[in-house]
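Residue-level structural notes
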Amino acid sequence: MLRFRLLSFFPSPISSSSSPVYKPHTRNRFLFLNKLSSQMGSYTTASESQLSGSKKLLFRQLFEKDSSTYTYLLADASHPDKPALLVDPVDKTAERDLSLVKELGLKLIYAINTHVHADHVTSTGLIKSKVPGVKSIISKASNAQADLLIEPGDKVYFGDLFLEVRATPGHTLGCVTYVTGDGPDQPQPRMAFTGDALLIRGCGRTDFQGGSSETLYKSVHTQVSTVGEEMKYNPRLTKDEAGFKGIMENLNLPYPKMMDVAVPANVLCGLQDVESKAN
């Protein structure tokens, strides 16, 4: 199964706050509205013209083929500085991502991860070495190093826009989902960047890095209780908890080929890999 991450869209605002960075919020239920693209094998993403308030949000979806990883570039295009962030950047495509940031006239301020990846090395450390002032972000629960260790309820601001942090553990202990902000000044419909917690017609494996099938089941069914197509057609999510656990514990997947390189490097913000290439 191709391991495409799920980018989801939410139809309406939930609760609004105009407080500064990292303001706690309450958990809410979400609705996923994406449609499968049979031609591309990935979720169709809304164009900027489909997002109300889109004059503020600049959005690009990028792809790294070896690990089937989607990287997302978001920026507040209406802000004078055009502050931007990258979600789940990959070391192999760092130059491409930074070139795009430059072409679009953006100021990259954050490089953030949804979790400690086992299938690729993050480029957060590499990006920090090339772009002064960029800060790395990962969840505190991941036990990894970063400039900012976020927790559920925190908000990550880029200009006047922000991402809310939602805990979605199960694939790994520290998985989080980043959800675009609510309120009249935030783009609609809302989007969620799920990392490996939820995939198209599947979900992330749960047999390493503190993973748990029970925890992932509860993350998906509690945090996102209405998951549109995935709740209806995903062969794993349509089962009850016992059935889901049985599937996840009998996947018999091979040991991830990048795990022994990626995990130690990603715990260090990708810097271990950067330092080895420099020597």
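Scope of this entry: the structure provided in the associated data block. As the structure is a computational prediction, the values presented were derived from the model and not from experiment.

**A word on the overall build of the chain**
Secondary structure summary: the chain contains seven helices and 13 strands in total. Put simply, the chain has 279 residues, and 53% of those count as buried. Sequence separation of 24 or more characterises 64% of the internal contacts of the chain that already satisfy a separation of 6 or more. Within the structure as shown, the chain displays about 12,200 Å² of accessible surface, and the carbon and sulfur contribution to it stands at 54%.

**Some thoughts on the sheet that holds strand β8 (residues 135-139)**
Read from one edge of the open sheet, six strands run β4-β5-β6-β7-β8-β9, paired in mixed fashion. With partners counted over all chains shown, the strands left at the sheet margins are β4 (57-64) and β9 (148-150), one partner each. Taking each pair of neighbouring strands and ignoring which way they run, the sheet shows an average axis angle of 25°. Sheet topology places strand β7 (residues 107-112) next to β8; three bridges connect them, and they run parallel. Bridge pairing in β8 places Y110 opposite K135. Along the sheet, helix α1 (residues 94-103) contacts β4, β5 (69-76), β6 (83-87) and β7; its crossing angle with β4, the most-contacted strand, is approximately 160°.

Conventions we followed
- Residues numbered from 1 in each chain as written.
- Predicted model: local features only at pLDDT ≥ 70, side-chain atom pairs only at ≥ 80, totals over all residues.
- Heavy atoms only, no water.
- Helix = DSSP H or I, 4+ residues; strand = E, 2+ residues; numbered from the N terminus.
- Buried < 20%, exposed > 50% of the residue type's maximum accessible area, 1.4 Å probe, protein only.
- Contact = heavy atoms within 4.5 Å.
- Areas by Shrake-Rupley, 256 points an atom, 1.4 Å probe, with all protein chains shown as cover.
- Pairing = 2+ DSSP bridges.
- Axes fitted to C-alpha atoms, helices over the stretch in contact; angles between N-to-C directions.

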